[in-house]
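Chain by chain, the residues run as shown.
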Amino acid sequence: MNPNSFQFAPETFTQARTRIADRILRTPMVHSSSLSERAGVPVHLKLEQLQKTGSFKLRGATNAVLALDETAQANGVVGVSTGNHGRGLAYAARQAGVKCIICMSRLVPQNKIDGIRAQGAEVRIVGSSQDEAQVEVDRLVDEEGMTLLPPFDHKDIIAGQGTLGLEFLEDVPDVETVLVPLSGGGLISGVAEAVKARKPDVKIIGVSMERGAAMAASQAAGHPVQVPELPTLADSLGGGIGLENRYTFNVVRDLVDNIVLLNEVEIAAGIRHAYWQERQVVEGSGAVCLAALVADKAKLAGPSVALLSGCNIDMNMHQRIISGEDVDVAGEGEI
Ligand SMILES: *Cc1c(COP(=O)(O)O)cnc(C)c1O
């Protein structure tokens, strides 16, 4: 591989790992008999849905908060995410004794607000759209000197997520294929950079949902594009990659070997497989790698790792899915 394909120095990831080591869990890697039998190669599951706050987002958020200089830490951090990044950022900031404000619009459901508050952040509700919430974020940055930490397109966030790649290599030294959920691409960028710098021949496969796969559409177009955001069981994979994307579009273009897209029925089957075969509670976005294997949509070159990335799912919804219901999140009867 062309060494110019890399945007990050390999030690970025070992440094991030040292920085966050005592604040995150080193989650288990387990062998899956059922998926190994199905795929004909050893398949291992990285149980990152057991991470504190319920997703890997804590890794990037912790690294980014700790990488700030003293003045920036004293002024605090701000975020706009109501999902896993918001939770991770809130938790990471509290652990580091750094003030954290998460801005959201009035339309955000109460359970999401409670989820963020429970991690210790101040929630500021402003306006009735994401754009109006953004105005308050800009004010906090400009007037109060706070630092905005975005969910994926940021070098310290990517470095933190990439620490997972180092753990893959340690736990499965003969790994040949890695499957990673893909949305904005902070996760897969970190993993691909960390893994391929050390083992260039490992295949990296990204998995997204058909309903609103912004990175896949952008790669097909050759530049970042917007796609309509649609309701999906993989709700943590929604949203665009940013038309001004700085890092993740290029890393995915240069280092990701393939992107697999899944429909809603396939994602539901992944959640069911996780529960009944692997005994794990996983959210839709966290189950897409399993879903790709169950649907036989990913080609595995040899010993493989599939990442389970999060567990933050409404448990009533989870119960309906594992009981066999085809939950129609779109309300369009077309799953
Ligand atoms: C954010 C998230 C992803 C996708 O990560 P990106 O860096 O945006 O590609 C996957 N799974 C879960 C559970 C997430 O919260």
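The residue count restarts for each chain, going from 1 along the sequence in the order it is written. With the structure being a predicted model, the display of local features is reserved for residues of pLDDT at least 70 and the display and counting of side-chain atom pairs for 80 or more, all residues being used for whole-chain, interface and lining totals. With hydrogens and water stripped out, all remaining heavy atoms of the structure feed into the side-chain values.

A. Representation of the packing of helix H5 (residues 84–96) against helix H6 (residues 110–118) in the model. Comment: axis = line fitted to C-alpha atoms, over the contacting stretch for helices; angle = value between 0 and 180 degrees taken between N-to-C directions. A run of DSSP states H or I qualifies as a helix once it reaches four residues; a run of E qualifies as a strand once it reaches two. Both are numbered from the N-terminal end. Where H5 contacts H6, the two axes come as close as 8 Å, and the packing angle between them is 20 degrees. With respect to H6, the element H5 is oriented roughly parallel. For the pair H5 and H6, the sense of crossing is right-handed. Facing Gly86, Arg87, Ala90 and Arg94 of H5, the residues of H6 in contact are Gly115, Ile116 and Ala118. Considering only residue class, the contact of H5 with H6 consists of three nonpolar, two polar and two charged. Here the angle decides the label: under 35 degrees means roughly parallel, over 145 means roughly antiparallel, 65 to 115 means roughly perpendicular, and every other value means oblique. Throughout, a crossing is termed right-handed when the near helix is turned clockwise from the far one, and left-handed when it is turned anticlockwise from it by less than a right angle. Only heavy atoms enter the contact rule, under which two residues are in contact if any of them lie within 4.5 Å. The residue classification treats Ala, Val, Leu, Ile, Met, Phe, Trp, Tyr, Cys and Pro as nonpolar and Asp, Glu, Lys and Arg as charged. All others, Gly included, are polar.

B. Quick peek at helix H12 (residues 264–276). The end-to-end C-alpha distance of H12 is 18 Å, a good match for the 18 Å that 13 residues give at a rise of 1.5 Å each. Working definition: with a 1.4 Å probe on protein chains only, accessible area under 20% of the residue-type maximum means buried, over 50% means exposed, and in between means partly exposed. Where H12 is concerned, the buried positions are Glu264, Glu266, Ile267, Ala268, Gly270, Ile271, Arg272, His273 and Ala274. Here the buried face of H12 lies against helix H2 (33–39), strand S8 (203–209), strand S9 (258–262), helix H13 (288–294) and helix H14 (315–322). Pairing of N or O atoms within 3.5 Å defines a polar contact, subject to two protein rules: one partner must be a possible hydrogen donor and the other a possible acceptor, and residues neighboring in sequence count only if both atoms are side-chain atoms. Two to three positions downstream of the cap, the backbone nitrogen of valine 265 sits 3.1 Å from a side-chain oxygen, assigning the N-cap of H12 to asparagine 263. In this analysis, the expected span of each helix is defined as 1.5 Å times one less than the number of residues it contains.

C. Representation of empty space enclosed by the protein. The way it works is a 1 Å grid over only the protein atoms, where trapped points that fit a 1.4 Å probe form a cavity and open points with protein on both sides within 12 Å along at least five of seven lines form a pocket, and then any residue with an atom within 4 Å of a point lines it. Grid points are joined across faces, edges and corners, and a volume is the space filled by probe spheres set on the points. Across all of its chains, the model carries one cavity of 30 Å³ or more by this definition. The calculated volume of the largest cavity comes to roughly 40 Å³. Elements with a minimum of two residues in the lining of the largest cavity: S8 and helix H10 (214–221). Considered class by class, the residues forming the lining of the largest cavity number six nonpolar, four polar and no charged.

D. Local environment of the site of the ligand. The nearness test applies per residue and asks whether one of its heavy atoms lies within 4 Å of the molecule or strand. Around the ligand, 17 residues are found, and the nearest of them are Lys57, Asn84, Gly185, Leu187 and Ser309. Between the ligand and the protein, one listed contact pairs an oxygen atom with a backbone N or O atom of glycine 185 at 2.7 Å. Glycine 186 is positioned with one of its backbone polar atoms (N or O) 2.9 Å from an oxygen atom of the ligand. The protein chains hide 98% of the 380 Å² of surface that the ligand would expose on its own. When its residues are assigned to classes, the shell around the ligand shows six nonpolar, nine polar and two charged. All accessible-area figures derive from a Shrake-Rupley calculation using a 1.4 Å probe, and residue coverage is judged against the displayed protein chains alone.

E. Examining the environment of proline 228 more closely. Here proline 228 shows up in the loop between H10 and helix H11 (248–255). Residues proline 228 and arginine 87, spaced 141 residues apart in sequence, show a C-alpha to C-alpha distance of 25 Å.

F. Molecular detail of the UniProt feature "domain: Tryptophan synthase beta chain-like PALP" (unreviewed entry) in the chain. Within this structure's numbering, the places UniProt gives as "domain: Tryptophan synthase beta chain-like PALP" (unreviewed entry) are residues 22–309. Secondary structure within residues 22–309 divides into 44% helix and 15% strand; the distance between the first and last C-alpha atoms comes to 20 Å. UniProt positions are given in the numbering used here, feature names are shortened, and annotations may be inferred rather than shown by experiment.

G. Examining the pairing of S8 more closely. With six of seven residues buried, S8 is to be regarded as a mostly interior element. Every crossover in which the path from the first strand over the helix to the second runs clockwise, viewed with the strands pointing away from the viewer, is termed right-handed. Crossover handedness for the path strand S7 (residues 177–181) to helix H9 (residues 186–198) to S8: right-handed. In the sheet, S8 pairs with S9 via five bridges, with the strands oriented parallel. Considered in S9, the bridge of methionine 209 is made with leucine 262. We call two strands paired when DSSP finds no fewer than two bridges between them.

H. Expanded view of the domain arrangement of the chain. Each domain's extent is set by a domain assignment, obtained either automatically or from a database. Taken domain by domain, the chain holds domain 1 (3–56 + 154–322) and domain 2 (58–148). A separation of 24 Å is found between the C-alpha centroids of domain 1 and domain 2. For salt bridges, the criterion is a side-chain nitrogen of Lys or Arg within 4 Å of an Asp or Glu carboxyl oxygen. At the junction of domain 1 with domain 2, the criterion picks out two salt bridges. As a salt-bridge pair, glutamate 167 and arginine 59 come within 2.9 Å of each other at their nearest N and O atoms. Taken together, the links from domain 1 to domain 2 amount to twelve residue pairs in polar contact (both at pLDDT 80 or more). Contributing elements (two or more residues each) for the side of domain 1 that touches domain 2: helix H1 (11–20) and helix H8 (155–171). With eight residues, the top contributor of residues to the side of domain 1 that touches domain 2 is H8. The residue makeup of the side of domain 1 that touches domain 2, split by class, is eight nonpolar, ten polar and eight charged.

I. Structural view of the sheet that holds S7. Within the open sheet, the six strands sit side by side as S1-S2-S10-S7-S8-S9. Their pairing is mixed. The sheet is open, and its two borders are formed by strand S1 (29–31) and S9, each paired with just one other strand. Across the sheet, the mean angle from the axis of one strand to that of its neighbour is 25 degrees, orientation sign disregarded. Sheet topology places S7 next to S8; five bridges connect them, and they run parallel. When the bridges of S8 are listed, valine 180 appears paired with glycine 206. Contacts from H8 reach S1, strand S2 (43–47), S7 and strand S10 (304–308), with the element oriented near 140 degrees to S2.

J. Layout of the side chain of threonine 248. Here threonine 248 is to be found in helix H11. For threonine 248, the side chain forms a polar contact with the main-chain oxygen of glycine 184, separated by 2.8 Å. In this view, threonine 248 contacts Phe152, Asp153, Ile158, Gly184, Gly185, Gly186, Ser189 and Met215; residues no more than four positions away in its chain are not counted.

K. Highlighting the pairing of strand S5 (residues 122–125). Bridge analysis of strand S4 (residues 100–104) against S5 gives four bridges, and the strand direction is parallel. Looking at the pairing, isoleucine 102 lines up with valine 123 of S5. A crossover links S4 with its parallel partner S5, the connecting element being H6, and its sense is right-handed.

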